[in-house]
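Here is what each chain is made of, one letter per residue.
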6 protein chains.
Amino acid sequence: MSKKIITIGEVMMRLSTQGHERFVQASSYEAVFGGSEANVSICLANWDQETYHVTAFPGHDIGKAATRYLRQTGVNTDFVYFSEGRMGLYFLENGSMQRSSKIIYDRFDSAFSNFDGKDINWDLVFDGADWFHWTGITPALSQNAADMTLKALKVANAKGLTISGDINYRRNLWQYGKGPLDVMPELIRYTHVLVAGKSDFENCMDITLEDWADACHQAKRDYPQIKFITKTKRESISASHNRLKGVLWNGEEILFSNIYEMTHIVDRVGGGDAFIAGLIYGLMHLSDQEAIEFATASSVLKHSIKGDANFVSLEEVHDLVKGENVGKLLR
Amino acid sequence: MSKKIITIGEVMMRLSTQGHERFVQASSYEAVFGGSEANVSICLANWDQETYHVTAFPGHDIGKAATRYLRQTGVNTDFVYFSEGRMGLYFLENGSMQRSSKIIYDRFDSAFSNFDGKDINWDLVFDGADWFHWTGITPALSQNAADMTLKALKVANAKGLTISGDINYRRNLWQYGKGPLDVMPELIRYTHVLVAGKSDFENCMDITLEDWADACHQAKRDYPQIKFITKTKRESISASHNRLKGVLWNGEEILFSNIYEMTHIVDRVGGGDAFIAGLIYGLMHLSDQEAIEFATASSVLKHSIKGDANFVSLEEVHDLVKGENVGKLLR
Amino acid sequence: MSKKIITIGEVMMRLSTQGHERFVQASSYEAVFGGSEANVSICLANWDQETYHVTAFPGHDIGKAATRYLRQTGVNTDFVYFSEGRMGLYFLENGSMQRSSKIIYDRFDSAFSNFDGKDINWDLVFDGADWFHWTGITPALSQNAADMTLKALKVANAKGLTISGDINYRRNLWQYGKGPLDVMPELIRYTHVLVAGKSDFENCMDITLEDWADACHQAKRDYPQIKFITKTKRESISASHNRLKGVLWNGEEILFSNIYEMTHIVDRVGGGDAFIAGLIYGLMHLSDQEAIEFATASSVLKHSIKGDANFVSLEEVHDLVKGENVGKLLR
Amino acid sequence: MSKKIITIGEVMMRLSTQGHERFVQASSYEAVFGGSEANVSICLANWDQETYHVTAFPGHDIGKAATRYLRQTGVNTDFVYFSEGRMGLYFLENGSMQRSSKIIYDRFDSAFSNFDGKDINWDLVFDGADWFHWTGITPALSQNAADMTLKALKVANAKGLTISGDINYRRNLWQYGKGPLDVMPELIRYTHVLVAGKSDFENCMDITLEDWADACHQAKRDYPQIKFITKTKRESISASHNRLKGVLWNGEEILFSNIYEMTHIVDRVGGGDAFIAGLIYGLMHLSDQEAIEFATASSVLKHSIKGDANFVSLEEVHDLVKGENVGKLLR
Amino acid sequence: MSKKIITIGEVMMRLSTQGHERFVQASSYEAVFGGSEANVSICLANWDQETYHVTAFPGHDIGKAATRYLRQTGVNTDFVYFSEGRMGLYFLENGSMQRSSKIIYDRFDSAFSNFDGKDINWDLVFDGADWFHWTGITPALSQNAADMTLKALKVANAKGLTISGDINYRRNLWQYGKGPLDVMPELIRYTHVLVAGKSDFENCMDITLEDWADACHQAKRDYPQIKFITKTKRESISASHNRLKGVLWNGEEILFSNIYEMTHIVDRVGGGDAFIAGLIYGLMHLSDQEAIEFATASSVLKHSIKGDANFVSLEEVHDLVKGENVGKLLR
Amino acid sequence: MSKKIITIGEVMMRLSTQGHERFVQASSYEAVFGGSEANVSICLANWDQETYHVTAFPGHDIGKAATRYLRQTGVNTDFVYFSEGRMGLYFLENGSMQRSSKIIYDRFDSAFSNFDGKDINWDLVFDGADWFHWTGITPALSQNAADMTLKALKVANAKGLTISGDINYRRNLWQYGKGPLDVMPELIRYTHVLVAGKSDFENCMDITLEDWADACHQAKRDYPQIKFITKTKRESISASHNRLKGVLWNGEEILFSNIYEMTHIVDRVGGGDAFIAGLIYGLMHLSDQEAIEFATASSVLKHSIKGDANFVSLEEVHDLVKGENVGKLLR
């Protein structure tokens, strides 16, 4: 039942204030590591999938600590490289009630964004693999990272892997001279499962239809290899209380998950990555409807866990889908 | 107004992860001590009742720390013994939202379960006492523990104490060769106040009626010394939000407490023990209806307090029953 | 856009238990500093107003730490004095659910209450200033403190400052031989913006009308210099969930703010001070209706922040008033 | 082998900065309770002596926490009273290397110093007791405390207890209008075992001889009931490294303990109290020379333990005297 | 330069009090994992050796956390099994000055000691491996564990691996009915590098010569396959200050390392394992004299690191041997 | 007695592991702010000197926190600017025993190094000032920073300030295309008090004499405005134990301070800055010999304090020079 999945992307050190402290109050920071694509690999590794994350770290002790972190979670680190540059960082302030959470990114000039990946043997990386997942963050970082993504996509495609891409458009990135429309369309052309909302369609695919379903159809016309398009719908009653629903277009119809009230959020960073990991798992092992339910339940559980990563078992996700053992005291 | 109450049972070291951390994330554990029966004694000691807890610990420094803990809370430790065996432990992971809390028990071969209590002078233990409380956990641990419970019950009964028993059926215990139906009926025969729900009636008293009121009547027929049967009704909206109501059958009618919304649970372990302590207090000092209200309010407040024990004052419980000073800032 | 504001009052060391721990459980206390009037100055300093706080501390290292704290927050400490007496303290236990928060004050014989302020050059203090804020806590502490308040009010009035006073009646204070009606009326006579609820009107102004609007009219008749009277209406569903609304009488009509649900309160101490700071800012820079909205939003955000002080930006308050960026993850 | 020992004195809340933080750096404080005389009782309770501490606390939750602390350590709290006044406090900054440790006392107007002890049944307190220990701190606090000490001494003397007194002269106390020479001589007259150094002799007994042995002889002439005089000699190489030796004059000769190098001091507060507890134990159960060795070893071990109290076993002290199991890893 | 090394043994959860707290003071415990043989693997993995640890854990989340810990440190966990039984634990109290450190073991009935290893494919385990390391702790736990050790030794020997054994005699183990002389000699017969001191020779090899060199010769006569015997000499000035020297008998002569003063010990648990790891590395990659220097320097550095494991780089050990970069601030 | 002192330089966020944890073990980091020149200002501010620090931070919340930190310590922040770029960081691992401390710098592209200071009104900055202090770190960061330093030096010189410069040569800096000999000589030409050791003379002044006294004479010949050259001599017995001596050449003779054993170092970062602050204070207020004693004592005390900054009073430094109150418990 285990599949082999490859992810690529930057992993940052995450420094978050204690509890709900504001940045100006902080006298210490909790440190873990995270990055959108690695979060997907970690989540899948928890479910006994064989995952490899491709990335680069600086060669110093904190780069080693990051590698150790990935290894701890069960992700294979054979394709973690040490190269020139600094450790990408982000600082997180965890909101509460009406007060929003805040992230200060500090990721420019990182080892990963400087990394050219020239020595990666992509045939070896993708050997025997079932799935490749990338996001729009990587090509937004640097020309090197965009080139590497394209190269990886070509080999993965040639070897017949299913490919998912989380468009994840972020205006603050894309500072190396190219814009998303210069780069993303070619990458999307190799992608079968797309995570995309309205802003992603507009900024990275030049599709500006108001209706998401129409946009999906348009995307399929422009990129006929696409099989699934997916997103979550999140309503923020407050920083502590969100409402979440998963949406999956399978080329024919739009499937919805149950709606979940998340009333005492512990940490919402990585909620989207847990959704994607759930969807990848679901599309490999379950029916379409089950997949979107599984993905959404995975995302919900992530909101109860500190850090970027979703440390939940298959059983816990399945139970939540079924409404069993929810919010109990399990002895 | 102070009564003398005796409890008996194992006290474990409780090791809980920080905040809402999962076991796989933990790099430290908070340590307190707790056990269902001792929790009852501690709660009652807070209300200036004179309580004695009978138990056994290993003779090493952690056994001493456990004794010190009981003494700190005001429980009399004259009948705490040091004997062979390990310290019983349990590990707790505190859930949030839809994610359940989890307990990993590690209590086999403990000093208490190995303890035969041969040297206990039960006449002395129960001298001048008003009430004896036991639970179905103790006879489930070992033949020694079951024998000791029976012996204690006989003496307590002979000396005219009121006796309460929390059936508390747990399938994972009962591993020493006997089943609950081999042991529990004889013990229940000495008990005047029973804490029992459907599963307890079925597994420990062989009463399988669907309706709880009918089961109470049946129990009274089988065990005519019973005066009260009680339970709580808990609805788990999530791990952070429960709804609670107390139920008391006094041989004539079923009394209900107010229903409480517990919307930001800090720690639900020990909630049942706080209920029982409240009921014991109530049946000694209040009317039946007041008793079930007092018991339920005691339980509600426990959910706002970290650890197994319910550190609240009489005034705080009475105020909650009256709806006064609820959720304020008291200067 | 920056105004100069002067506040006067005692600053205490606040020792609060960790998380939701009860006093009897505490093995450590978090320490910050706070006091109603200083909290107002700190809040306004965050919004780039030029604030000076007048107070006195003991000359030892903890008095120095208190001064450093004020300086850190941007409050000018040129008029912080070191004098005889102890550091005022308060101990805080943070409630949860139905369990109330508790404060144990330990502020008698403090350096501030012993301080006679004889050497203060009030002309210098108020030089170029726009606003002076005092509260009814100061004259309740000691004759010295009451005299100093009166002296300050006279100079501030003579120099044409706008003066706000938070009546803030507390029965446990007023232990030096005078009652509020002996002292407060004369002080209120110099005050243009009054923070007063029913209990304040009764105890400090001898106005016992049931209707708050009527009481405002009566107050205006008794103290014709009054321009605004304000208060908040707080409904405590639980210690974790309050409902808040701001109310402002501007001499003509009563204006109301939006109502806010505060469902996951982090720390409610200082919520009133954040309201007052917001109102002072609003009355200096905004319309009356905008002012009461700004004040209430400022107070709401405070409830999400640990400590006495409200570390929020102008933008965050304005955003909440507009319903923008509420409870999001801002990258 | 167990004796009954009574101590009397104030117990303060001790608030110490974390690690070696300075007061101006502290954002939290560790809280325990301590006081010279209670520290003696706690230390003796660890050695299975039956100890009672007589004191008074404010009736609020922190006073209750202090009582719980004493009870936890095994000290009997039957004679702990709740009375008017605040909780005495002291703030501790733990030095390192050449930097000294600092204490800021905040104990005036405490419940204990206001306590008149009129209702204490001293006959009951001393019933069956072997030893009474007091210090010069108590009569230095207030007339009430001095009177109560004298009354206790008279009863203890009449009932034939052995009485020890730690002169412990502190210039900063004695602020209620009397000086040590007004009060102490009468109290010393009831005392058999005196802890006194040069400054104590001078300030409390008006004996100004340079040589300590001569001073002991003079003391014996002035107070013929004295049997032992004792002190420690401490050399402070740095805050982290002290050298310690115990000295005991038994009326005939001066006995010295081994000299100990304490090279990595964890917490030196309470080192003198651990010495006194050790001496009391020693004089009750051992020879004179053994007593001074036991006392000094007890004090040395205290320096390795955080807090005021000396949590060591009899075996650990005996082992250190014998040089066995010193600084090992005991499995 | 990388070799493949196999270790086998129990890994326990280590729960240590904070700082220098005593067990009776602890309100939380730091949790890591450790075991003598796994510590060796972890240390070697830090030096880029390919290490596999063979062990068994309970299948619950704490067993998973233990596996994650090994994986994090770079040890290969392909041969980690989940089986029936509890998690072995040990509690650690870190001494200071004259006060010893204390360990309370709680490891009976663990998953590892119950594990029969019947399904282990030892040919696969040792495939391509260079070295196998075991200790006398494993055969002391249970018959199952002793049998498994013997089986592993036979296969390792047949495949030509170098085998090291740390005799590590502990009287408190060996509770399953056999004594060390019943079991150890046969295991030692397969071992080329022996870690053994006087007590080990006596209790496990029945060699009682006073002189360690003579004992080595005798051992060689009894077990002619032995090539090296080694030990450390440790002098405990205090728990904070030890003196350490390594000793290696290579069949011809006794080689000594430099003597090291360890004056501010952070954590001495695992010091011996770091020595053995260093020796294994040294004997594979260096001369005999260099090996004993490397091993001792490795052990010294371990004493500066919290936890069981020695997280130091090759360069750090080599630098210490050369006396370079010792105790500096490296920028 | 208060003088006005100006410093200029980058202030970084310092993220240090807890206790003696290694980077690979860290799950949280303690955060303070520090930089060589700001450390000097902070130290002098503690001694009631009027200090201004000139620097630039990014405009986000962490830049604000850094400003707040400076303000808290008493440094005037009128000349703190917000500009483009990131926050400079450094990660610190605190060594122990033979294990060295390690710093990982992450300061490239910081707001300060990008800052051109074009808008600074240097006449205003230096108005009424007595002293200007700079270090060789600033011109090593960027051409902008080097230019700004030169400009500041010219104005300070023209206004007659005494100027001190800490050469502080660091090979890892100087990455913007210029070397120290291209830049430093011109800056040194404006400097009266030089902090320089052998490596500084060689790399920044091209003076390669073996003897430090000879080098001082040579420096005086090349830069005749120099009045004092100073350095410390540090011997690292281990990371926990250093030996320190101050050396001052006053143009005529070499003066030495007492030698200090620092046996339990808490934090040695900033030790050199505390020395310089002490020397600046000394040269302004004391004799030459007293100055070097004061400077060295200041540095010694810094080693007992966590963080970059030296929070000690004038009295504490004077006391250490006199050997009074050293390593005591001050009540």
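Everything quoted here is computed from the prediction, not taken from an experiment.

Criteria and thresholds
Residues numbered from 1 in each chain as written. Chains lettered and ligands numbered in written order. Predicted model: local features only at pLDDT ≥ 70, side-chain atom pairs only at ≥ 80, totals over all residues. Helix = DSSP H or I, 4+ residues; strand = E, 2+ residues; numbered from the N terminus. Rg over C-alpha atoms; globule rule 2.2 N^0.38 Å. Buried ≥ 20, exposed ≤ 12 C-beta atoms within 10 Å, placed from the backbone. Contact = placed C-beta atoms within 7 Å. Nonpolar A, V, L, I, M, F, W, Y, C, P; charged D, E, K, R; others polar. Pairing = 2+ DSSP bridges. UniProt positions renumbered as here; feature names shortened; annotations may be inferred. Arc of directions from axis to C-beta. Least-squares fit on C-alpha atoms with pLDDT ≥ 70 in both. Axes fitted to C-alpha atoms, helices over the stretch in contact; angles between N-to-C directions.

Asks: Break down the overall build of chain A for me, with residues and values.
Replies: Along the backbone of chain A there are twelve helices and 15 strands. By the compact-globule yardstick of 20 Å for 331 residues, chain A fits well, its C-alpha radius of gyration being 19 Å. With respect to the three principal axes, the spread of C-alpha positions in chain A is 50 × 50 × 40 Å. Taken across its 331 residues, chain A has 61% of its residues classed as buried. When contacts within chain A are restricted to residue pairs at least 6 apart in sequence, those whose partners lie at least 24 apart make up 69%.

Asks: Describe in detail the interface of chain B and chain A, supporting the description with residues and values.
Replies: Taken residue by residue, the interface counts 23 residues in chain B and 19 residues in chain A. In terms of residues, the side of chain B that touches chain A owes the most to one element, strand S7 (residues 101-106) of chain B, which gives four residues. The residue makeup of the side of chain B that touches chain A, split by class, is six nonpolar, eleven polar and six charged. Bridge count for strand S15 (residues 329-330) of chain A against S7(B) is two bridges, and the pairing is parallel. Among the inter-strand pairings, A:Leu330 is bridged to a residue of S7(B), identified as B:Lys102.

Asks: A description of the UniProt feature "domain: Carbohydrate kinase PfkB" (unreviewed entry) in chain A should follow, citing residues and the corresponding values.
Replies: Those residues carrying the UniProt feature "domain: Carbohydrate kinase PfkB" (unreviewed entry) are residues 3-306 of chain A in this numbering. Strand forms 26% of residues 3-306 of chain A and helix 36%; the C-alpha atoms that close the span are 27 Å apart.

Asks: Mind laying out helix H9 (residues 212-222) of chain F, listing which residues take part and the relevant values?
Replies: Every α-helix winds through 3.6 residues per turn, so residues three or four apart in the chain are directed the same way. Residues and elements named next belong to chain F. For H9, every residue scored as buried is listed here: Ala215, Cys216 and Ala219. Down the axis of H9, the smallest arc covering the buried residues is 105°, so these residues share one side. Turned more than 90 degrees away from the buried face of H9 sit Asp214 and Arg221, all of them exposed.

Asks: Describe the relation of the copies chain F and chain D, listing the residues and the values that go with them.
Replies: When chain F is fitted onto chain D, the two copies agree to an RMSD of 0.0 Å after a turn of 120° and an axial shift of 0.0 Å. Considering both components of the superposition, the chain copies are consistent with a three-fold axis. Using C-alpha coordinates, one finds that chain F approaches the rotation axis most closely at F:His264, a distance of 4.6 Å.

Asks: So what about the sheet that holds strand S12 (residues 242-249) of chain B? Which residues, and what values?
Replies: Backbone-to-backbone hydrogen bonds pair the strands of a sheet. The strands run either parallel or antiparallel. Residue and element names in this part refer to chain B. Spatially, S5-S4-S1-S8-S9-S10-S11-S12-S13 is the arrangement adopted by the nine strands of the open sheet, whose pairing is mixed. Each edge of the sheet is formed by a strand with only one pairing partner; in this case those strands are strand S5 (80-82) and strand S13 (254-262). On average, each strand axis in the sheet is inclined to that of its neighbour by 15°, with strand direction left out of account. Both strand S1 (residues 4-8) and strand S8 (residues 131-135) contribute to a ladder of three bridges, which runs parallel. For Ile6, the partnering residue across the bridge sits in S8 and is Phe132. Here helix H2 (residues 61-72) sits on the sheet in contact with strand S4 (50-57) and S5, set at roughly 170° to S4.

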